[in-house]
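# Descriptive structure summary
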Amino acid sequence: MNREERQITVPQFAAMKAAGRKITMVTAYDHAFARLVDAANVEGILVGDSLSMVVQGHPNTLPVTLEEMVYHAELVGRAVRHALVVVDMPFPSFHLGVHKAIENAGRILKETRCQAVKLEGGMEQAEVIAGLVSAGIPVMAHCGLRPQSIHQLGGYRVQRDERQLLADAQAAEHAGAFAIVLECIPAETAAKITAAVRIPTIGIGAGAGCDGQVLVLHDLLGIDTGYTPRHAKAYANLGKTVVDAVAQYRDDVRSGTFPGAENAF
Ligand code: KIV
């Protein structure tokens with residue numbers, strides 16, 4: 001069986017909602033971690049523009065470029081055999097007109113082996129979503145807290161305008177999006193939106209009523225700068241494990257314990 005036959009497709013991903021099966025997504029940004037995440041049998045891997053913060057060390061997601069997203073998506077796309085891989089369209093790669101958005105998203109699909117793009121927005125991006133979908137590019141929309149609009153929103157705040165959130169989700173669905181990320185909105189609102197649309201909702205800080213969940217890998221693994229956001233859960237303390245392992249190696253080098261005879265030729 002070849003790679004394409006085994007990998008989860010966009011229609012299979014979208015159909016999980018109707019089948020009542022919860023969807024699990026995690027971010028990944030490089031080949032090594034993408035392989036490990038894929039081995040855990042999650043349904044979706046997101047090459048998120050969060051890499052701007054957790055990989056590149058920027059204070060927000062605005063600086064990462066299309067070139068850099070394509071590079072990281074390529075690393076991930078080369079590793080994944082099972083999950084559907086979705087790539088974030090970075091700011092402002094989909095704000096320059098439908099034609100330019102198709103050109104940019106087309107580059108992502110052509111160069112990375114990934115199968116879909118994600119873009120932040122609902123109602124105001126309906127035309128772009130429809131344009132991409134008409135070009136055969138599957139789109140995951142992203143409503144609620146939109147980190148690329150951080151300056152306009154005035155901070156990373158829970159978004160509470162239920163009417164607007166519902167309208168955004170419905171506009172994204174009507175435009176042809178195959179799924180919607182709901183970020184940092186009240187659980188009750190997310191559950192209402194989930195009931196109102198036929199496409200899967202993927203929550204992050206949106207409660208258990210969504211059709212699936214997505215987490216930033218570094219938050220999930222406990223590789224951080226000492227802060228796990230309220231909406232995340234650390235399932236490991238890999239940050240400490242890494243520091244302890246490197247410190248042990250340092251001690252072994254200093255004491256002459258490493259390399260041992262078994263490491264020498
Ligand atoms: O970039 C990202 O990691 C995301 C998730 C937080 C949904 O958009």
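Residues numbered from 1 in each chain as written. Predicted model: local features only at pLDDT ≥ 70, side-chain atom pairs only at ≥ 80, totals over all residues. Heavy atoms only, no water.

## Re the nonpolar core
Nonpolar side chains tend toward joint burial in soluble globular proteins. Condition: Buried Ala, Val, Leu, Ile, Met, Phe, Trp, Tyr and Cys residues that are joined via side-chain atoms within 4.5 Å together make up what is termed a nonpolar core. With a 1.4 Å probe rolled over the protein chains alone, any residue whose accessible area is under 20% of its type maximum counts as buried; one over 50% counts as exposed, and the rest are partly exposed. Strands are runs of DSSP state E lasting at least two residues, helices are runs of H or I lasting at least four, and both sets are numbered from the N terminus onward. Note on definitions: a residue-residue contact is assigned when non-hydrogen atoms from the two residues lie within 4.5 Å.
Core analysis: the largest hydrophobic core is formed by 55 residues, its most contacted members being Leu132 and Leu182. Looking at this core, the element that brings in the most residues is helix H5 (residues 66–79), giving 6 residues. In contact with leucine 182, not counting residues within four places along its chain, are Cys143, Ala190, Ile193, Thr194, Thr201, Ile202, Gly203, Ile204, Ala206 and Cys210.

## Description of unusual backbone geometry
The omega torsion of the bond from phenylalanine 91 to proline 92 falls at -5°, within 30 degrees of zero and hence cis. Residue proline 259 follows phenylalanine 258 across a cis peptide bond; omega there is -5°. The residue proline 259 is located in the segment after helix H12 (238–255) in this model. Located in the positive-phi region is arginine 113, a residue other than glycine, with phi close to 65°.

## Quick notes on the side chain of aspartate 219
Stated precisely, the cut-off is as follows: When charges are tallied, Lys and Arg are placed among the positive residues and Asp and Glu among the negative ones, while His and the ends of the chain are skipped. Salt bridge, as applied in this entry: a Lys or Arg side-chain nitrogen positioned within 4 Å of an Asp or Glu carboxyl oxygen.
On the secondary structure map, aspartate 219 appears in helix H11 (residues 217–221). No salt bridge is formed by the buried aspartate 219. Its closest oppositely charged neighbour is lysine 118, at 13 Å. Once residues lying within four places of it in the same chain are set aside, the contact partners of aspartate 219 are Pro229, Ala232, Lys233 and Ala234.

## Quick notes on the packing of helix H6 (residues 98–112) against helix H7 (residues 126–134)
Heads up, the condition is: Geometry is summarised by axes, namely lines fitted to C-alpha atoms with helices restricted to the contacting stretch, and by angles between N-to-C directions that run from 0 to 180 degrees. Oblique is the label for any angle not covered by the other classes, which are roughly parallel (under 35 degrees), roughly antiparallel (over 145) and roughly perpendicular (65 to 115). Crossing chirality is assigned from the near helix's rotation relative to the far helix, an anticlockwise turn below a right angle marking it left-handed and a clockwise turn marking it right-handed.
The N-to-C vectors of H6 and H7 enclose an angle of 50°; their axes lie 9 Å apart at closest approach. Classified by the angle between their axes, H6 and H7 sit oblique to one another. Judged by the sense of rotation from one axis to the other, the crossing of H6 with H7 is right-handed. Contact with H6, carried on its side by Val98, Ala101, Ile102 and Ala105, involves Glu127, Val128, Gly131 and Leu132 of H7 and no other residues of that element.

## Overview of the packing of helix H9 (residues 162–175) against helix H10 (residues 187–196)
Just so we agree on the cut-off: Gly is placed with the polar residues, together with every amino acid not listed as nonpolar (Ala, Val, Leu, Ile, Met, Phe, Trp, Tyr, Cys and Pro) or charged (Asp, Glu, Lys and Arg).
Remark: H9 packs on H10, axes separated minimally by 10 Å, with the N-to-C direction vectors making an angle of 30°. By the angle between their axes, H9 is roughly parallel relative to H10. Two packed elements cross with a definite hand, and for H9 against H10 that hand is right-handed. Between H9 and H10, the contacting residues are Glu162, Leu165, Leu166, Ala169, Gln170 and Glu173 on the first element and Thr189, Lys192, Ile193 and Ala196 on the second. When the residues that make up the contact of H9 with H10 are grouped by side-chain class, the tally is 5 nonpolar, 2 polar and 3 charged.

## Thoughts on the pattern of salt bridges
Note on pairing: side chains with opposite charge can pair once their charged atoms come close. Scanning all chains against the criterion turns up 10 salt bridges. Taking the shortest distance from any N to any O, the salt bridge between aspartate 88 and lysine 118 comes out at 2.8 Å. You can see aspartate 88 sitting in strand S3 (residues 84–88) and its partner lysine 118 sitting in strand S4 (residues 116–120), a full 30 residues away along the chain. By relative accessible area, aspartate 88 is classed as buried at 2%. Lysine 240 is the partner of aspartate 244 in a salt bridge, and the nearest nitrogen-oxygen pair spans 2.6 Å. On the criterion of helical spacing, the pair formed by aspartate 244 and lysine 240 is a turn pair, its members being 4 residues apart in helix H12. Assessed through its relative accessible area of 47%, lysine 240 is described here as partly exposed. Here the salt bridges do not stand alone but share partners, grouping Glu67, Arg107 and Glu111 into one network.

## With respect to the side chain of threonine 61
Inspection of the secondary structure puts threonine 61 in the loop between helix H4 (51–54) and H5. Setting aside anything within four residues of it in sequence, one finds threonine 61 in contact with Asp49, Ser50, Ser52, Met53, Pro147 and Gln148.

## Looking at the site of the ligand
For clarity, the threshold we go by: Neighbouring residues are identified by heavy atoms, a residue being near a molecule or strand if any of them is within 4 Å of it. Any pair of N or O atoms that falls within 3.5 Å is considered a polar contact. Within protein, one atom must be able to donate a hydrogen and the other to accept it, and sequence-neighbouring residues count only if both atoms are side-chain atoms. Each accessible area value is a Shrake-Rupley result obtained with a 1.4 Å probe; residue values ignore everything except the protein chains displayed when judging cover. Computed over the protein atoms alone on a 1 Å grid, cavities are sets of points where a 1.4 Å probe fits but cannot get out and pockets are open sets with protein on both sides within 12 Å along at least five of seven lines; a residue lines them when it has an atom within 4 Å of a point. To decide whether a molecule occupies a pocket or cavity, check its atoms: if more than half lie within 2 Å of the grid points, it is inside.
As a matter of local geometry, the ligand sits amid Thr27, Leu46, Gly48, Asp49, Ser50, Asp88, Lys118, His142, Ile204, Val214 and Val216. With respect to the ligand, the side chain of aspartate 88 contributes an N or O atom lying 3.1 Å from an oxygen atom. Interatomic distance of 2.9 Å between a side-chain N/O atom of lysine 118 and an oxygen atom of the ligand. Taken by itself the ligand offers 260 Å² of open surface, and the protein chains cover 95% of this. Placement of the ligand is best described as lying within the largest pocket.

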